[in-house]
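# Structural overview
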Amino acid sequence: MIRFILTAALLLSGTPAMSAPAPQVIAHRGASGERPEHTAAAYRLAVEQGADVIEPDLVMTRDGQFVVRHENEIGGATDVADRPEFAARRTTKVIDGVQTTGWFTEDFTLAELKTLRARERLPLLRPANTAWDGQELLLTFDEVVALARAETARTGRVIGVAPELKHPSYFASIGLPMEDAFVAALQRHDLTGADAPLLIQCFEVGPLQRLKARIEAPLLQLMSVAGGPADRPDLSYAAMSTPEGLRAVAAYADAIGVESGMILPRDAAGRSLPAAPLVADAHAAGLKVVVWTFRAENAFLPLEHRHGDAPANHGDLNAYLKTFYALGVDAVFSDFPGAAVAAR
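A brief structural summary. Every chain is numbered on its own, with residues counted from 1 as its sequence reads. Note on the predicted model: pLDDT of at least 70 is required for a residue's local features to be given, and 80 or more for side-chain atom pairs to be given and counted; whole-chain, interface and lining totals, by contrast, use all residues. The side-chain figures draw on all heavy atoms in the structure; neither hydrogens nor water molecules are used.

### A look at the overall build of the protein
Helix and strand counts for the protein come out as twelve helices and 13 strands. Dimensions of the protein along its principal axes, counting C-alpha atoms only, are 55 × 50 × 45 Å. Three exposure classes are used, based on accessible area relative to the maximum for each residue type with a 1.4 Å probe and protein chains only: buried under 20%, partly exposed in between, and exposed over 50%. Across the 344 residues in the protein, those meeting the buried criterion constitute 53%. Considering only intrachain contacts with a sequence separation of at least 6, the fraction spanning at least 24 residues in the protein is 66%. Carbon and sulfur atoms provide 54% of the accessible area of the protein, an area that totals close to 13600 Å². When the 32 positive and 42 negative side-chain charges of the protein are each reduced to one mean point, those points stand 2 Å apart. Labels follow the DSSP assignment, with helices taken as runs of H or I lasting at least four residues and strands as runs of E lasting at least two, numbered in each case from the N terminus. Contact between two residues is taken to exist if any of their heavy atoms lie within 4.5 Å; hydrogens are not considered. To measure how exposed things are, a 1.4 Å probe is used in the Shrake-Rupley method; for residues, cover is taken only from the protein chains shown. Counting rule for charge: Lys and Arg are taken as positive, Asp and Glu as negative, and neither His nor the chain ends is counted. Here the site of a charge means atom NZ of a Lys, CZ of an Arg, CG of an Asp or CD of a Glu.

### Let's talk about the packing of helix α2 (residues 40-48) against helix α4 (residues 141-155)
Where α2 meets α4, the closest approach of the two axes is 11 Å, and the angle between their N-to-C directions is 30°. In terms of their interaxial angle, α2 and α4 are classed as roughly parallel. Considering the relative orientation of α2 and α4, their crossing is right-handed. Where α2 abuts α4, its residues Ala40, Tyr43, Arg44, Val47 and Glu48 lie against Val144, Leu147, Glu151, Arg154 and Thr155. Among the residues making up the contact of α2 with α4, the classes are represented as five nonpolar, one polar and four charged. Only the stretch in contact is used when a helix axis is fitted, and all axes are lines through C-alpha atoms; the angle between N-to-C directions ranges over 0 to 180 degrees. For this classification, under 35 degrees means roughly parallel, over 145 means roughly antiparallel, 65 to 115 means roughly perpendicular, and everything else is oblique. The crossing is said to be left-handed when, going from far helix to near helix, the turn is anticlockwise and less than a right angle, and right-handed when the turn is clockwise. Lys, Arg, Asp and Glu make up the charged group, whereas Ala, Val, Leu, Ile, Met, Phe, Trp, Tyr, Cys and Pro make up the nonpolar group; the residues left over, Gly among them, are polar.

### Here we look at α2
The element α2 is largely enclosed, with a buried count of seven among its nine residues. Three or more residues of α2 are buried, namely Ala40, Ala41, Ala42, Tyr43, Leu45, Ala46 and Val47. Elements in contact with the buried residues of α2: β1 (24-27), β2 (53-54), β4 (66-68), α4 and α12 (337-343). Looking one or two residues past α2, Gly50 carries a phi angle of roughly 100°, positive in sign.

### Quick notes on the side chain of Asp79
As for its position among the elements, Asp79 is in the loop between β4 and β5 (91-95). Salt bridges are defined as contacts in which a side-chain nitrogen from Lys or Arg sits within 4 Å of a carboxyl oxygen from Asp or Glu. Lacking a salt bridge, the buried Asp79 has Arg83 as its closest oppositely charged neighbour, with an N-O distance of 4.1 Å. Counting of polar contacts relies on pairs of N or O atoms within 3.5 Å, with two restrictions inside protein: one atom must be capable of donating a hydrogen and the other of accepting it, and residues adjacent in sequence are counted only when both atoms are side-chain atoms. Within the structure, the side chain of Asp79 is placed 3.0 Å from the backbone nitrogen of Arg117, a separation counted as a polar contact.

### Re the nonpolar core
Residues belong to a common nonpolar core when they are buried Ala, Val, Leu, Ile, Met, Phe, Trp, Tyr or Cys residues joined through side-chain atoms within 4.5 Å. Ile54 and Ile256 are the most contacted members of the largest nonpolar core, which totals 86 residues. Sequence-distant contacts of Ile54, that is, excluding residues within four places in its chain, are made with Ala27, Tyr43, Ala46, Val47, Val144, Leu147, Ala148, Ile159, Gly160, Val161 and Ala162. In this structure, Ile26, Ala162, Leu220 and Ala331 belong to the second largest nonpolar core, which totals eleven residues.

### Some words on unusual backbone geometry
Look at the link from Trp292 to Thr293: it is a cis peptide, with omega at -20°. Take Thr293: it is sitting in strand β12 (residues 288-294).

### Looking at the side chain of Asn129
Looking at where Asn129 falls in the secondary structure, it is placed in the loop between α3 (110-113) and α4. Within the local environment of Asn129, its side chain forms a polar contact with the backbone oxygen of Ser32, the two atoms lying 3.4 Å apart. Separated by 2.9 Å, the side chains of Asn129 and Glu120 make a polar contact. Setting aside chain neighbours within four positions, we find Asn129 in contact with Ser32, Gly33, Glu34, Arg35, Pro36 and Glu120.

### Comments concerning the pattern of salt bridges
Across all of its chains, the model carries 21 salt bridges by this definition. Of the charged contacts, one joins Arg344 and Asp52 as a salt bridge, the two residues approaching to 2.8 Å between their closest N and O atoms. Placement of Arg344 in the segment after α12 and of Asp52 in the loop between α2 and β2 is noted, with a sequence separation of 292 residues between them. By relative accessible area, which is 29% here, Arg344 ends up partly exposed. For Arg154, the salt bridge goes to Glu151, with nearest N and O atoms at 2.7 Å. You can see Arg154 and its partner Glu151 sitting in helix α4, three residues apart, about one turn around the helix. Its relative accessible area of 47% is what places Arg154 among the partly exposed residues. Residue classification places Glu151 among the buried residues on the basis of a relative accessible area of 6%. Several salt bridges share partner residues, and in doing so they unite Arg29, Glu37, Asp57 and Arg121 into one network.

### Details of the environment of Phe141
Considering the arrangement of structural elements, one finds Phe141 in helix α4. Measuring from C-alpha to C-alpha, the distance between Phe141 and Phe66 comes to 5.8 Å, with 75 residues separating the pair along the chain. Aside from chain neighbours lying at most four places away, what touches Phe141 is Pro56, Leu58, Phe66, Val68, Val161, Pro163, Phe182, Ala185 and Leu186.

### Some remarks on the environment of Lys93
By the secondary structure assignment, Lys93 is in strand β5. Along the backbone, Lys93 and Ala285 are 192 residues apart, and their C-alpha atoms lie at a distance of 39 Å. The residues touching Lys93, leaving out its near neighbours within four places in the chain, are Val98, Gln99, Thr100, Phe104, Glu106, Asp107 and Tyr170. Within polar-contact distance, the side chain of Lys93 engages the side chain of Asp107 at 3.0 Å.

Next up, the structure:
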């Protein structure tokens, strides 16, 4: 089996790997603009399109296993609502301060979740993806690592993995702490070293700080335009993105993963405003900059790159990506990795 080597070198070291293009393209939940997210089909298509890294979001099962889903609530992205044997498990919970009703991974064993099938989560925006509804099983983190290694062997390119720990404080509060299980998984796959083709993400601060003390694999602090880390009510992402805040992040993380609006804000009409200094400030602090999430649909694009008025229409994603590439970002997350590679 080919051992993972140096995919993270360009993104997370000072000396780019000769074979690694810049900026790197991270397939956001796979090629999720063209296949249901977090499925083997989405990940394999992303690799075919030239993605450097594939991204699994990690949530936990009742029996402490990592399953790959965007959220622990799975009503919209699986067929669980159509399964009468699970009807009684529909419930309402508060996750990171948000009340949510549906079916939750922590109320199922992995064996039970393996009986479900994936569905397109955004069928109104991506109706073509519904052709794959019901065809794919839910994946575990181990299976995504195995898929990346198999694609590495098949293509001759090292395919990295960018796992995101979702809601770790919430899971810890219900007796399912993520960190020990996650470190054990990394050790099992020999992915704890500084040269591991891995980029570990989290919106919370504490898990990354604790992981920093336990492993050498690259870490990325996620940030959004609004709000702050669920485990740090005293801290906002706006404060973390100041020069002083970035220096604090650099003490435990190698990179920041920021919402696109933190770099190119938008006015009330949705048109892009002049760029903020975040890229330069982060680089000055020794941090790489990854931007999320680039999608082709009008619903996600700034006004100047939309085509027509329909939210599902595809606009000029190529031009939008090139604007960020010109600003010197180090990597992008995209639901359309083929477009991101082409723009690069």
